[in-house]
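Structural description and commentary
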Amino acid sequence: MKRSRALLLAGVAASAVLLAGCSAPADSGSAGDGSGTVRFLGPEDPATFAPVIAAFEAEHPDITIDYTQVPFDQYSSTLQQRLGAKDDTIDVYAVDQPNLSQLAAQGFLEDLSDLSDEAKAATSSAQFEINQYDGKMWALSVWNSTQMLFFNRDALAAAGVEAPTADPAARWTWEQTADAGRAAQAAGTQYGLLLEQVEAYYQLQPLAESLGGGSGITGDDMLTVDVTNDGWQQAMAWYGDTFESGLSPRGVGGFQTAPVFIDGNVAFFVGGPWDVGRFASDATFDWGVAPMPYFEGGEVATPTGSWSWGVNTASKNKDAARAFIEFAALDPAGALATTEATTIIPSNTEAAAKYLPGLEELGGEHAAGVADLITYEIEETAVPRPVSVGYVQFESAMNTAFADIRNGSDPAARLEQATTQIQDAWKKLR
Amino acid sequence: MTTPTTRAGADSRARRAVRPAPPARPTRRGRRHPALIALAFLAPALIALLVLRLAPAAVALWDSLFRTSLLGGTQFVALGNYLELFGNPDFQNALLVTLVFTILINPLQVATAFLLAVLYTRKAAGSKIWRSLVILPIAVPPAVSAVIWSVIYRPDGLANAFLDLLGLPAQPFLTSPQQALASIMVLLSWIGVGYWMMFLIAGINDIPRSYYEAASLDGASAWRQLWTITFPLVRRPLAFVLVADTVSNLLVFAPVQILTKGGPEGSTNLLMYDIFTRAYTLGDLNTAQAEVVILVLITLVIVALQFRLLRSED
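Computed from a predicted model, the values in this text were never measured in an experiment.

Cut-off values and rules
- Residues numbered from 1 in each chain as written.
- Chains lettered and ligands numbered in written order.
- Predicted model: local features only at pLDDT ≥ 70, side-chain atom pairs only at ≥ 80, totals over all residues.
- Helix = DSSP H or I, 4+ residues; strand = E, 2+ residues; numbered from the N terminus.
- Buried ≥ 20, exposed ≤ 12 C-beta atoms within 10 Å, placed from the backbone.
- Contact = placed C-beta atoms within 7 Å.
- Rg over C-alpha atoms; globule rule 2.2 N^0.38 Å.
- Nonpolar A, V, L, I, M, F, W, Y, C, P; charged D, E, K, R; others polar.
- Pairing = 2+ DSSP bridges.
- UniProt positions renumbered as here; feature names shortened; annotations may be inferred.
- Expected span 1.5 Å × (residues − 1).
- Axes fitted to C-alpha atoms, helices over the stretch in contact; angles between N-to-C directions.
- Domains from an automatic or database assignment.
- Parallel < 35°, antiparallel > 145°, perpendicular 65-115°, else oblique.
- Left-handed = near helix turned anticlockwise from the far one by under 90°.
- Core = buried A, V, L, I, M, F, W, Y, C linked by C-beta atoms within 7 Å.
- Right-handed = clockwise from strand over helix to strand, strands pointing away.

**Quick look at the overall build of chain B**
Scanning chain B for helices and strands turns up 15 helices and two strands. The buried share of chain B, taken over its 314 residues, is 28%. A separation threshold of at least 6 residues defines the contact pool for chain B, and within that pool the share at least 24 residues apart is 66%.

Here it is as structure tokens:
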């Protein structure tokens, strides 16, 4: 009898521990007066945000930021789960910019329209627009990105090709780049051209935009697919041909592309600012940076966009949460602190102006002119991804289509198929 | 796995014959309600079964009858999700790919595992070392194996270098709709065959040597011995291997996600990956639940069929 009572007690104790683990700590700071604890959720390593959190807490001694990392692969589904359950233990969270309209439509983002004027002044127009949905502003842009054409100067010299420069006025066309790449291949380099995110909409949207094909999503409610127009077909035919002709390799996946350039096996590589530091430390040949190409006779268009931060509608500490995201996005010192421990461009224009020279320095003589180039692209040529509640489904279907076209599918038929797939997926949204 | 009969040492065999053995000093309560006591002992397992298996299955079944849309809310659609799935070309393709995959890979893997088991139970120099090498890939997590094979299958990768050495032309492997599924089968067999081989080796080692000696005296060839002694006597582990292998191959996910993402042209879009895309990329949880129910039904039908075929041979 004694024994069973002891067991019973042990059982009760164990359940109590489990239950205690389930219930969240009740202390979320004093509600609404801009103090207490702000819980912040994002996909980055905690070390990345340590500088901005330290800088913010130094300025606001009565607010503590409590950061939690959720790995990128699970980030979107975790957000859906927790925000869907009206979880008030998230105050601020990082928003992958193309997902903004879905989150806003679901009611998971606090309306920040009263900050519109300040936000507009603080960043580029593309980075301001990306946070708008349904006529309101739902988040503040913190990070930005762009794409550039990296080239292997040694490979081009071996082929007798004069290398491009970082000057946007002397921007190469895709046709010119492909020709030079083929010349380098003839002179012994394995491949002519490679895109870093070779099957990703982020990097391929500009091809269609350059030929007047648009983003692929149109309509008042941005739920009409338009990827079978001439611009898209032409762009995808060109894209498919770069692989068919052997200019670009098939079967080399996302994380294997940069090493191909670092190993000196490709003449041209389209990549992001994060590659500058990587190539500076790993590439042993002479390389350089030029503007991302466009199609002859077409528009210049470059990728853009990264992460915004927003406030959870279920948060019980919205004032402090807003203070924190305003600091990271609108205050140049705060914005600069978000990039202190990583290689990414701050969305804040003033912070970017201070940040970019350091990036250029990191790349040494190879990266000469990169700061001006990035500033120019962000201000003049950046085309954001479309703002639509159906973006997630659209991107997924398009990325599969890109992979198939890369492997030899007929572009026109495959784009037709993607259209049907996207329409089917969007039917479920309404 | 443990039985109450093992504690008594020498007389355990005798006790097994008179099972269930009465407890040494049964309490009055125990004698009156043995079922209750049994239930109490079974409770942890039953609760786990209920919470971890049956409840999620019931939830999946229930959810598959509803539709939740981003802008429209939740509504009851009865079998609407199922009907829609069967009309969807992507699902039809996934179903076809999964059936072709199942029909091809299971006999191949089981046959290879059986032949390897026969080979490595022969008394040959270093057969134990070879055996260990064949089993080794199980120690590598599936995701890591997939990454390794993604490099092997690259156009400039190891596989093509090997073909080149033999004077054969380079192959597209994962980038070709005709070869991608076969390439994934090779990778899965590299992981799986050694594992299934172990069960068959255990089965072969259980066959008394005297049968082979007798057969040799009667002049039976090695081939004849394989088919008339080894094969029939290893049938029980073979049945287990076939069923377990079939189930595990119906649930293949990681290599598809890492290597092909279901492509090229849907040629490797196995049901498990299609469910994942529907649930977590397209965000259509209800239809994904319906697809899970369909996959479970398919698995049950195939396994039932296998049991039936194996039983009728007895």
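From this point, things continue past the structure.
**Structural notes on the overall build of chain A**
Scanning chain A from terminus to terminus reveals 18 helices and 15 strands. Compactness check: chain A gives a C-alpha radius of gyration of 24 Å against a globular reference of 22 Å for 430 residues, within 12% of the reference. Principal axes of the C-alpha set define a box for chain A whose edges measure 85 × 55 × 45 Å. Counting all 430 residues of chain A, 51% fall into the buried class. Long-range pairs, those at least 24 residues apart, make up 76% of the contacts in chain A with a sequence separation of at least 6.

**Side note on the environment of B:Ser150**
The residue B:Ser150 is located in helix α7 (residues 142–152) in this model. The class of B:Ser150 is buried, set by 22 C-beta atoms lying within 10 Å. Sequence-wise, B:Ser150 and B:Met272 are 122 residues apart; in three dimensions their C-alpha atoms are separated by 20 Å. Discounting chain neighbours no more than four positions away, the residues touching B:Ser150 are A:Gly253, B:Ile258 and B:Leu259.

**A word on the interface of chain B and chain A**
A common measure of how large an interface is: the accessible area buried when the components associate. Each side of the interface is counted separately: chain B has 25 residues, and chain A has 24 residues. The class makeup of the residues in the side of chain B that touches chain A is 10 nonpolar, 10 polar and five charged.

**Details of the pairing of strand β2 (residues 63–69) of chain A**
Across seven bridges, strand β1 (residues 36–42) of chain A lies against β2(A) in parallel orientation. In the strand pairing of β2(A), A:Leu41 is matched with A:Thr68.

**Brief notes about unusual backbone geometry**
A positive phi is found at A:Met222, a non-glycine position, where the angle reads about 50°. Positionally, A:Met222 belongs in the loop between β10 (217–218) and β11 (224–225). Looking at A:Met222, the number of C-beta atoms within 10 Å reads 17, which means it is partly exposed. Of note in this structure, B:Glu265 is not a glycine but carries a positive phi near 55°. Relative to the elements of secondary structure, B:Glu265 occurs in the loop between α13 (254–260) and α14 (271–281).

**Focus: the UniProt feature "transmembrane region" (unreviewed entry) in chain B**
Residue and element names in this part refer to chain B. UniProt records the feature "transmembrane region" (unreviewed entry) for residues 35–62, 94–121, 133–153, 180–202, 238–259 and 292–310 in the present numbering. Summarising residues 94–121: 96% helix, 0% strand, and an end-to-end C-alpha distance of 39 Å. Across residues 292–310, the secondary structure splits into 100% helix and 0% strand, with the terminal C-alpha atoms separated by 27 Å.

**Comments concerning helix α18 (residues 411–427) of chain A**
Each full turn of the α-helix corresponds to 3.6 residues, which orients residues three or four apart in the same direction. Its 17 residues place the ends of α18(A) 24 Å apart at the C-alpha level, agreeing with the 24 Å of an ideal helix rising 1.5 Å per residue. For α18(A), the complete set of buried residues consists of A:Pro411, A:Arg414, A:Leu415, A:Gln417, A:Ala418, A:Gln421, A:Ile422, A:Ala425 and A:Trp426. Lining the buried residues of α18(A) we find β11, α10 (230–244) and α17 (391–406) of chain A together with α5 (89–120) of chain B.

**A few points about the sheet that holds strand β9 (residues 191–195) of chain A**
All names here are of chain A. Here we have four strands laid out as an open sheet, ordered β9-β12-β8-β13, and mixed in their pairing. With one partner strand each, in any of the chains shown, β9 and β13 (287–291) form the two edges of the open sheet. Sheet twist, expressed as the average angle between the axes of neighbouring strands with direction ignored, equals 20°. In this sheet, strand β12 (residues 266–271) lies alongside strand β8 (residues 148–152) in antiparallel orientation, the contact comprising four bridges. If you follow Met 148 over to β12, its bridge partner there is Gly 271. Here helix α8 (residues 174–186) sits on the sheet and contacts β8, β9 and β12; the angle it forms with β9, its principal contact strand, is near 135°.

**Notes on the sheet that holds strand β6 (residues 140–141) of chain A**
Residue and element names in this part refer to chain A. In space, the five strands of this open sheet follow the order β2-β1-β3-β14-β6, with mixed pairing throughout. Strands at the two margins of the open sheet, each flanked by one partner only, are β2 and β6. Here β6 runs beside strand β14 (residues 307–311); their pairing, made up of two bridges, is antiparallel. Along β14, the bridge assignment pairs Ser 141 with Ser 308. With respect to the sheet, helix α13 (residues 318–329) is in contact with β1, β2, β3 (92–96), β6 and β14, its orientation differing from that of β14 by roughly 160°.

**Concerning the domain arrangement of chain A**
Residues and elements named next belong to chain A. As assigned here, chain A comprises domain 1 (35–145 + 305–364) and domain 2 (148–304 + 387–427). Distance from the C-alpha centre of domain 1 to the C-alpha centre of domain 2: 29 Å. Each partner contributes to the interface: domain 1 provides 19 residues, whereas domain 2 provides 14 residues. Among the elements of the structure, α4 (100–105), β4 (132–133) and α15 (349–363) are those that each provide at least two residues to the side of domain 1 that touches domain 2. Class assignment for the residues of the side of domain 1 that touches domain 2 results in nine nonpolar, 10 polar and no charged.

**Re the UniProt feature "domain: ABC transmembrane type-1" (unreviewed entry) in chain B**
Following the UniProt record, the feature "domain: ABC transmembrane type-1" (unreviewed entry) maps to residues 95–306 of chain B here. For the annotated span residues 95–306 of chain B, helix accounts for 74% and strand for 0% of the residues, and the straight-line distance between the end C-alpha atoms is 19 Å.

**With respect to the environment of A:Gly251**
Along the chain, the position of A:Gly251 falls in the loop between α10 and α11 (257–262). Using a count of 22 C-beta atoms within 10 Å as the deciding quantity, one classes A:Gly251 as buried. Sequence spacing of A:Gly251 and A:Leu336 is 85 residues, and the spatial spacing of their C-alpha atoms is 38 Å. With residues near it in sequence (within four places) discarded, A:Gly251 still touches B:Tyr153, B:Arg154, B:Pro155, B:Phe173, B:Leu174 and B:Thr175.

**Notes on the packing of helix α9 (residues 201–210) of chain A against α10(A)**
Residues and elements named next belong to chain A. Look at α9 against α10: their axes get within 7 Å of each other, and the N-to-C directions meet at 125°. Classified by the interaxial angle, the pair formed by α9 and α10 is oblique. Relative to α10, the crossing made by α9 is right-handed. Judged by residue contacts, Leu 204, Leu 207 and Ala 208 of α9 engage Gly 231, Trp 232, Ala 235 and Tyr 239 from α10. A breakdown of the residues in the contact of α9 with α10 according to their chemical character gives six nonpolar, one polar and no charged.

**Some thoughts on the packing of α17(A) against α18(A)**
Residues and elements named next belong to chain A. Closest axis-to-axis distance for the α17/α18 pair is 9 Å, and the angle between their directions is 160°. Judged by the inter-axis angle, α17 sits roughly antiparallel to α18. Viewed along their axes, α17 and α18 form a crossing whose handedness is right-handed. On the side of α17, the interface is formed by Gln 393, Phe 394, Ala 397, Met 398, Ala 401, Asp 404 and Ile 405, while α18 contributes Pro 411, Arg 414, Leu 415, Ala 418, Gln 421, Ile 422, Ala 425 and Trp 426. Here the residues of the contact of α17 with α18 sort into 11 nonpolar, two polar and two charged.

**What about the nonpolar core?**
The biggest cluster of nonpolar side chains holds 127 residues, and the ones touching the most others in it are A:Trp309 and A:Phe324. Shared between two domains, this core takes at least three residues from each, and those domains are domain 1 (35–145 + 305–364) and domain 2 (148–304 + 387–427) of chain A. When near neighbours in sequence (up to four residues on either side) are disregarded, A:Trp309 contacts A:Val92, A:Ala94, A:Val95, A:Ala139, A:Leu140, A:Val142, A:Ile325, A:Ala328 and A:Ala329. Of all hydrophobic cores here, the second largest spans 30 residues; its members include B:Ile105, B:Phe173, B:Leu174 and B:Leu187.

**Some details on the pairing of β1(A)**
Residues and elements named next belong to chain A. Counting buried positions along β1 yields five of seven residues, so the element is predominantly enclosed. Chirality of the crossover, the property in question, places the unit of β1, helix α2 (residues 46–59) and β2 among those that are right-handed. In terms of strand pairing, β1 meets β3 through two bridges, oriented parallel. Bridging across to β3, Leu 41 finds its partner in Tyr 93.

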